[in-house]
Structures are given as structure tokens and as C-alpha cells.
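Given next are the chains, with one letter for each unit.
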Amino acid sequence: MGMTYVQKLLARACGTAVVETGDVLELPVDLAMSHENAALVINQFNEIFRDTGREPRVWDADKIAIIFDHRVPAESSKTATNQKKIRDFVAAQGITRFHDIRGDVGGICHQILPENGYVRPGHVLVGTDSHTTTHGALGAFAFGIGATEMAAVWALGSILNVEVPGTIKVVVNGEFPPGVYAKDLILHLVGLLTAEGANFKIIEFHGDAIRSLPTSGRLVLCNMSVEAGATGGVVPPDEETRRYLRDEAGVVDELEIFAPDVDAVYDRVVEIDATHLEPQIACPHTVDNVKPIGDVKGRKIDQIVVGSCTNGRLDDIEIVARTLRGKHVAKGTRMLVFPASWRIYTDALNAGYVGDLIEAGAVVCNPGCGPCLGIHQGALGDNETALATTNRNFKGRMGNPGAEVFLCSPVVAATSALTGVISDPREVN
Amino acid sequence: MAKGKVVLKLDDDISTDIIYPGRFMATVLPTETPQFAFADNTEFNEALREKQFPAGSFIVAADNFGCGSSREQAASCIKGYDLIVVARNFARIFLQNSINVGLQMIICPDIEADEGDELEVRDNKVCNLTSGKSFAIEPLPKARQAIIDAGGLIPYARRLLLERAA
Ligand code: SF4
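So, how was this worked out
Residues numbered from 1 in each chain as written. Chains lettered and ligands numbered in written order. Predicted model: local features only at pLDDT ≥ 70, side-chain atom pairs only at ≥ 80, totals over all residues. Heavy atoms only, no water. Core = buried A, V, L, I, M, F, W, Y, C linked by side-chain atoms within 4.5 Å. Buried < 20%, exposed > 50% of the residue type's maximum accessible area, 1.4 Å probe, protein only. Contact = heavy atoms within 4.5 Å. Buried area = accessible area lost by both parts, 1.4 Å probe. Salt bridge = Lys/Arg side-chain N within 4 Å of Asp/Glu carboxyl O. Polar contact = N/O pair within 3.5 Å; in protein donor to acceptor, adjacent residues only side chain to side chain. Helix = DSSP H or I, 4+ residues; strand = E, 2+ residues; numbered from the N terminus. Axes fitted to C-alpha atoms, helices over the stretch in contact; angles between N-to-C directions. Parallel < 35°, antiparallel > 145°, perpendicular 65-115°, else oblique. Left-handed = near helix turned anticlockwise from the far one by under 90°. Nonpolar A, V, L, I, M, F, W, Y, C, P; charged D, E, K, R; others polar. Expected span 1.5 Å × (residues − 1). Near = heavy atom within 4 Å. Pairing = 2+ DSSP bridges.

For this particular structure, what's the right way to read the nonpolar core?
Nonpolar side chains tend to gather and get buried jointly when the protein is soluble and globular. Grouped together as the largest cluster of nonpolar side chains are 90 residues, with contacts concentrated most on Ile66 and Trp154 of chain A together with Phe38, Phe65, Ile78 and Phe94 of chain B. Leaving out residues up to four positions away in the same chain, Phe94 of chain B has contacts with Thr16, Ile19, Phe65, Gly66, Ala74, Ala75, Ile78, Leu103 and Met105 of chain B.

As C-alpha cells, then:
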């Protein structure tokens, strides 16, 4: 019986010929990622070593990545103290892949990992962040875990007792029509599967429309796979994966590119024709409350947010800058742009996009999570409405349970910034 | 086994943002997180902090409890009051975090209960003593049984660390 992509990856990782859905495995970890919540991981890590007579030491200081992104620069003394504690730990343990609050190496974890070539096809990658699913876009088995689980990974070098997940195959053929992007596809899919429809499963993406997507778009799909409850999303690697890793991430060593078996067994197959997709909007307060844009058009927006680990990449900022160039953000609406990393920020600056955005009235903020999770900048007022390219619209997500968040693609965000109401990019241009 | 009242009844898709709002994420220690449990539900949060609910009281939810962010505070803040969570099903990361930190949770696909009902857990069933109905419990993932038996991931990992070093 054939194996899915992730089953094949797991068999390789464990050095066995076959694995089946439901098998319980201990997996060696290739990369263990944390952000500011490393403060809790450190605490739990020290707990594991308590009374063992052994010095707390991480299993491999080169396989741990720590990225400050959730609250940068620190918004409070409490955060700054947590960050200091992590910095001291990083120095004491000799952790090499540390991305501090810096203009040369900083950014959001789910952008820093791909752009620095830390993720490879075939990797087992765990992160103390639910959107760790993002890295399946490069052919890794990548999933989110909690802080105590990460502490055990730091101590033992493996992730214990993982059940081999079943897989939903999503086949997307056809061409994306003008104004429709990877974000619209994944919003549509989350609406279709529902917020729990892929719980404990992998979403494996196939089809012409996926093959023709650049890595930036594939990252969007895998990033939001978790919004359907999936353990991970994955795009089996191909020439585009190789191109991205070589040309954009500077990876020089051998890549292990493999495909799922043709006779792989899937729990479910979902087919989507991209040609018929429209711009999609996820309405408050769940990500699966997805509607075609026509249903919510005209809705007044107080704050537009472009950025996050979902849509804060260079092509996203380019499309927003192009839409706003020479025009102005509508009066009564404010627009915040958060590039996903300082490398992207610098590229956007050099390409003139940052200038376009500022002249149009947008506020370009420093790379980081910003308002995405409502703890740092850009909080919403009571009864305010935001339209964001981020990935979650849960009640309270942008810092105020009395506000509403709608989710969309970058071009919808930019078009709506010009009008101050949710607007369809296919009608405006 | 456990017997107690339902002190909170919730719908589908309760996210970890609702259980433990993001703005309190700089507070990480399990000893400190309980004060912010369900912070945006001010009435319930106050009742928790005033210790109105004895250990072993129940939170009853529907589908997909604990979806969203991986923040472990969402499990540790409930564990701090020794409440038991009964839901039709749980989101993966929350389920594993709860097992790892020793929060008691029960998967009960058909559970029907209202706030104030008295529940008792026995013979692999949740019995609603108020309505007289009982509902079968689904076992927790078998992959995690060893961690549950060890009383959580910290003691389990500590044991492995020592065994492997030997
Ligand atoms: S940008 Fe938002 S979703 Fe992405 S890692 Fe940061 S907080 Fe999480």
C-alpha cells in the first residue's frame, strides 16, 4: 500500500520501510523553533533537569532557532525581562540560530526560517507556535507544539509519541483569475473544511494551480492549514522548491526531493477549480466563516492591516504599493503595514514600495507580529472594524473583544484602503 | 471518580485567545497564569479568582475546544483551579498541552449539560445527575497514555533523560 508524502517522510526519518496512519513514533527533530514563549520553555526545561544531578544542556545548540517577533521592540518591562532571560539562555547554551531585535536579521519566525534556509524538504520541524505548519510549503513535516513539549525536545532531541496522521488530499487545478490569490484559495478551503474539519490530519496540496504558485503563495496555504485544525499542511517539493531554496534562501547542500506514492491512501480528496474562485473574506469571529466578497462589500473599515506570517512578504507589499501608488488611503480609515522580516522591509525600501505606501498615507511599522495578536501595536477601539491580511479573526484577537476583524488578501486590503469600505479589486480597476 | 457542578457552558470553536487572551502572554509561569483565565469573560474570571468553584468542577464545551494558538497558558490557567474540561472534541495542540501539564480533560462526543448541572464521571461515562442521562467517554489518544500515566510530560521526560544517560 502506498504512502502519502508525510508518511514517506516519517518512514525516512525513523529509518523504517513503511509507516501507517495511527502508528506511534518517536521522531528525531531537525529544527526546534520558539519565539518569546521560549521564556516558558526555559522554565520547563530546567524543571525536567531538576533533581537529576545533571546540568541542563540542550541536545544540539545548532538545531534550535529562537526568533523574537511577537513583541518587538518590547512593549513592557515584563516582556523586556523575558527577552533578556532568553538572551542569557541563548548565550549560555551557545544557540546559534538566534534572531534578536535587529534590522539585519530580525523578522517573524515563519519568514525567518524559510529565508535563512533553515527548512529543507524531509525535515521534521516543530515550533512553539501553531502556524509552524507554514514550513510544509518547503516539504517539511512541520507542526506546532506547546512549551512543555518543546522543553522535552530540547532535552531529548526528539518528539515523543507522535501518531502518524491521516491525510486530506487537496487538488487544485485551473488558473487563478485576476484579483484572486493563494489567500483566497486557503480561505475558501477553510470555509469548506470548517475550523475542525482537518483536526489531527495533514492537508497535502496538489494540482496545476499549486505547481504554478511561487513559494510565497505556498507558504500562505500551509500557514493557514492549521485554521482547519490540520496538524500540518504540505506541498510536495518540486523545481520551485529547489529554486527558492537555492536562489532566495542561499542553500547549497543536497536536497532530498521526493513525492508521495501514486497509490497513496488518503482519508479524503477535495478538488477545487481555481478558475471559479472569487476574492474571499473570513467574517467575525471564526476563520471558517468565509464569504465571497460580494456578500460583505461596502462594509466600513476603521483599520486596514497588511502583514503577518501569512501575507507580509515582498510580493504582498508590492501589490499593495502598486494599488496605492499615487493615491490616498480614504479619510476615516487608517492603514498599517508590517513587513514579515527586515530583509523584506529592506527590499521593499529599495524597490520604492515603502515610499509609495507612506505617500499614500499608510503607516509602515517595523517587522514583527504587530497587531496580529493584539498585544503590542495597532489595537482596535470598541466597536471598531479591521480588515487584515493576517490569519485569525477570533473575538479579542486584535486586543479588543468588542471589535471585529475581517480577513482578506493583500489586494483586497489595498483596494479597500482607498475606499474605506470592503471593496472588490475586480471592480475598482 | 470525579463529581461536581458545571460552572461554565461553552459553544463550538472556543479558541485559546478566549481562554487566555494574547495580551497576557508575557505571563508564562503556571503559578501565575490562572489569574487571567477567561479574562474577557469578566464575571467568570472574577468568580474563579474568588475561588467560588471547588476543585473538580466542570467546564463543558462543544466541538473543537482550544483551537488556535499553541499557547500553553490556556491549559495551565485552567489546571490552576483544578477544573475538569468536558468537550465533544478538542483541538490537537490544546489536547496535547493539557496532557503534558496534567489538566484533566474528557472527550465526550454526545455530552449534554447546562450550567448548574451536577456531573459524575464513572465507568467510562459522564453521568448528568441533574438530567439523569449518561454519555460515553472516548479514550484519550493512546500515543499519550504513557505521559498521562507518568503524571505529565515533565516527570516522563525526566525519567527518559535519566534512562538514556545511563
Ligand atoms: S504574525 Fe500573527 S499568526 Fe504569525 S506568528 Fe506572529 S502572531 Fe502568530
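Looking at this structure, I do not really get the interface of chain A and chain B. What am I missing?
Many analyses report the size of an interface as the accessible area lost when the parts associate. Residue-level contacts link 51 residues of chain A with 49 residues of chain B. Summing both partners gives a buried area of about 4,000 Å² for chain A against chain B, and 56% of it is carried by carbon and sulfur. Counting the contacts that link chain A with chain B gives three salt bridges. Between Glu26 of chain A and Arg164 of chain B there is a salt bridge, with its nearest N and O atoms 2.8 Å apart. Taken together, the connections running from chain A to chain B amount to 21 residue pairs in polar contact (both at pLDDT 80 or more). Counting residues per element, the side of chain A that touches chain B draws most heavily on helix H2 (residues 38-49) of chain A, at seven residues.

Which parts of the structure should I look at to understand the packing of H2 of chain A against helix H3 (residues 77-93) of chain A?
Each pair of packed helices can be summarised by the angle the axes make with each other and by the distance between the axes. Residues and elements named next belong to chain A. Contact geometry for H2 and H3: axes closest at 9 Å, N-to-C directions at 55°. It follows that H2 is oblique to H3 by the angle criterion. Between H2 and H3 lies a crossing whose hand is left-handed. Between H2, through Ala38, Ala39, Ile42, Asn43 and Phe45, and H3, the contact on the second element is made entirely by Asn82, Lys85, Ile86, Phe89 and Gln93. Looking at the contact of H2 with H3, its residues break down into six nonpolar, three polar and one charged.

Got a minute to help me understand the packing of helix H6 (residues 182-193) of chain A against helix H8 (residues 215-223) of chain A in this structure?
Residue and element names in this part refer to chain A. It is at 9 Å that the axes of H6 and H8 come closest, and there the two elements cross at 20°. One element, H6, and the other, H8, form an angle in the roughly parallel class. In this structure, the crossing between H6 and H8 has a hand that is right-handed. In contact with Ala182, Lys183, Leu185 and Ile186 of H6, H8 contributes Gly217, Val220 and Leu221.

Any chance you could explain H2 of chain A here in plain terms?
Helical periodicity: at 3.6 residues per turn, an α-helix aligns residues three or four positions apart in one direction. For H2 of chain A, which comprises 12 residues, the first-to-last C-alpha distance of 16 Å matches the rise-based estimate of 16 Å (1.5 Å per residue) to within 8%. Most of H2 of chain A is tucked away: nine of the 12 residues are buried. Of the residues making up H2 of chain A, those classed as buried are Ala38, Ala39, Leu40, Val41, Ile42, Gln44, Phe45, Ile48 and Phe49 of chain A. Taken together, the buried residues of H2 of chain A touch strand S2 (31-34), strand S3 (64-67), H3 and helix H5 (147-156) of chain A together with helix H6 (153-165) of chain B. Asp51 of chain A occupies a position one or two residues after H2 of chain A and carries a positive phi of about 60°.

Explain the site of the ligand to me, please; I cannot follow it from the model alone.
Lining the immediate environment of the ligand, one finds His70, His110, Asp129, His131, Ser308, Cys309, Cys369, Cys372, Leu373, Asn391 and Arg397 of chain A. Of the residues assigned to the shell around the ligand, the class counts are four nonpolar, five polar and two charged.

Even after reading the chapter, I still don't get the pairing of strand S5 (residues 118-122) of chain B, so can you show me in this structure?
Every regular strand shows the same layout, with side chains that alternate between the two sheet faces. Residues and elements named next belong to chain B. Pairing between strand S1 (residues 3-9) and S5: three bridges, direction antiparallel. Following the sheet pairing, Gly4 is matched in S5 by Leu119. Two strands pair when backbone bridges link them, and S5 and strand S6 (residues 125-128) are joined in this way by four bridges, in the antiparallel orientation. Each residue of the ladder has a partner; that of Glu120, found in S6, is Cys127. Hairpin geometry of S5 and S6 is characterised by an intervening segment of two residues between the two adjacent antiparallel strands and by a positive phi of about 50° at Asp123.

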